[in-house]
Amino acid sequence: MFSAILLNKNADGTTDAQVVQLEDVQLPSDGDVVVRIDYSTINYKDALAVTGKSPVVRKWPMVPGIDGAGEVLASSHADWKTGDQFILNGYGVGEAHMGCLAQRARLKGDWLIPRPLAISARTAMAIGTAGYTAMLCAMALEEQGVTKESGDILVTGASGGVGSIAIVILSAWGYRVVASTGKLSETGYLKSLGAAEVIDRNELSAPGKPLQKERWAGVVDSVGSHMLANAVAQTRCGGTVTACGLAQGMDFPSTVAPFILRGVKLIGIDSVMAPRAKRLAAWDHLARDIDMEKLSTITQGISLADVLLRAPDVIAGKIRGRLVVDVNA
Ligand code: NDP
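For clarity, every value in this text was computed on a predicted model and none was experimentally measured.

**Q** It is not clear to me how the site of the ligand should be interpreted in this structure. Could you clarify?
**A** Taken together, 25 residues surround the ligand, and among them Ser159, Thr181, Cys244, Ile269 and Ser271 come closest. When the free accessible area of the ligand is taken as 920 Å², the share hidden by the protein chains comes to 87%. When contributions to the shell around the ligand are tallied by element, the ones reaching two or more residues are helix 2 (121-143) and helix 3 (161-172). Of the residues belonging to the shell around the ligand, the class tally is 10 nonpolar, 12 polar and 3 charged.

Dropping the structure here:
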């Protein structure tokens, strides 16, 4: 038997979430690697699944948890053997395939990547999909030719998981980062992560003109909606905006003006199905480039049972940084 969070759909469509004991036979059969999970985390998507706020779960019952780190217990996959240390991010785990907010999982070996030696399982989950996505955004800015000499980089949703780690990465790479937040009380925290300047998200979250004063060489946006539209409208000629999230909304109330009159590039970032080579490159960078002291200041440790209490706070945008789940606590 092992502990897991189990989600069931109630007759009225709401989600029932409980910590339960499961047996291996209850794990999905479509997987060639059985793993022990040491740490998981709550990302925004996990909070949506646990609270039932959005139809993230596509199969019931479901163990949530899109991220996991731990050890291989048994494998019939050629690349994995007992004792190997792994990281799992995405691939529909915790949505359509039972996930990692549990002490055990059966996964596909093709989904796993080796945990870099420089980081522990706990650190890997402090980074999690949020940090790996922040790195995909930072890499995309570089690929599009945004350099530290190009000008300021705007990070929206700055006090959240993606935002906080994007600040840590981009400031370490020498960029001047401007953090947009709804929590101005966190200005000191955001500056300690590496933000050169902190602005009130109210400056960006209301409907705005299609073209505005040019401010940003690059943008990491995890918020969507008007925030993304205004960020695009304020991006300099030839600048790049990376869009990865929808904390404000899924809509994009913009026009083509920034694209056709300023050559602004809008790059979509999808961590869930990102190709293996890109994942390996992102985790290699994360293991080398993340300031571990800063990472520890943005991380809180919680237990499986705590996930049920904290998930609504994640949806309400009340969490600063990252929640790491010790599934054995
Ligand atoms: P968090 O909940 O940790 O952070 C989201 C932040 O967005 C909040 O802390 C808050 O920051 C801001 N925010 C919340 N509500 C609003 C609002 N109504 N209007 C404007 N800003 C708001 O989430 P994550 O950082 O983990 O994820 C952020 C987004 O990125 C989510 O939508 C998530 O689904 C998406 N995502 C997408 C991935 C992909 O592969 N494309 C992978 C990972 C995440 P503040 O108070 O500082 O403004």
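**Q** Could you clarify how one ought to interpret the domain arrangement of the protein chain in this entry?
**A** One frequent convention defines the size of an interface as the accessible area lost when the parts assemble. Structurally, the protein chain comprises domain 1 (2-115 + 298-326) and domain 2 (129-268). Between the C-alpha centres of domain 1 and domain 2 there is a distance of 29 Å. On the side of domain 2, 14 residues touch domain 1, which itself brings 13 residues to the contact. Interface area for domain 1 against domain 2, summed over the two sides, is near 980 Å², with a carbon-plus-sulfur share of 59%. Along the contact surface separating domain 1 from domain 2 lie 1 salt bridge. Residue Glu186 pairs with Arg320 through a salt bridge whose shortest N-O separation is 3.0 Å. Put simply, domain 1 and domain 2 have 5 residue pairs in polar contact (both at pLDDT 80 or more) between them. Across the side of domain 1 that touches domain 2, the residue classes break down as 4 nonpolar, 5 polar and 4 charged.

**Q** Explanation requested: the pattern of salt bridges in the structure shown.
**A** Side chains that carry opposite charge are capable of pairing whenever their charged atoms lie near each other. A complete count under the given rule lists 14 salt bridges for this structure. The salt bridge partner of Arg104 is Asp24, with a shortest N-O separation of 3.0 Å. Within this pair, whereas Arg104 is found in strand 6 (residues 104-107), its partner Asp24 is found in the loop between strand 2 (15-22) and strand 3 (33-41), the two being separated by 80 residues in sequence. The exposure class of Arg104 is partly exposed, given its relative accessible area of 29%. Three or more residues joined by partner-sharing salt bridges are found here, namely Arg36, Asp38 and Glu71.

Reading the values: the criteria
- Along each chain, the written sequence defines residue order, and numbers are assigned to residues from 1.
- Where local features are concerned, this predicted model is filtered to residues with pLDDT of at least 70; where side-chain atom pairs are given and counted, the filter is 80 or more; whole-chain, interface and lining totals use all residues.
- As a rule here, side-chain values come from all non-hydrogen atoms in the structure, and water together with hydrogens is ignored.
- Whether a residue is near a molecule or strand depends on its heavy atoms: it is near if one of them lies within 4 Å of it.
- A 1.4 Å probe and the Shrake-Rupley method give the accessible areas. Residues count as covered only by the protein chains that appear here.
- By definition, any uninterrupted DSSP run of H or I lasting at least four residues is a helix, any uninterrupted run of E lasting at least two residues is a strand, and each is numbered from the N terminus.
- In the scheme used here, Gly and all other residues not listed as nonpolar or charged are polar, with Ala, Val, Leu, Ile, Met, Phe, Trp, Tyr, Cys and Pro taken as nonpolar and Asp, Glu, Lys and Arg as charged.
- These domain boundaries are the output of an automatic or database domain assignment.
- Residue contacts are counted whenever heavy atoms from the two residues lie within 4.5 Å of one another.
- Buried area is calculated as the accessible area (1.4 Å probe) missing from two parts once they are joined, with the contributions of both summed.
- The term salt bridge refers to a side-chain nitrogen of Lys or Arg lying within 4 Å of a carboxyl oxygen of Asp or Glu.
- In protein, a polar contact means a hydrogen-donor-capable atom and an acceptor-capable atom, both N or O and within 3.5 Å, with residues adjacent in sequence counting only if both atoms are side-chain atoms; elsewhere, any N or O pair within 3.5 Å suffices.
- In this scheme, a residue with accessible area under 20% of its type's maximum is buried, one over 50% is exposed, and one in between is partly exposed, where area comes from a 1.4 Å probe on protein chains only.

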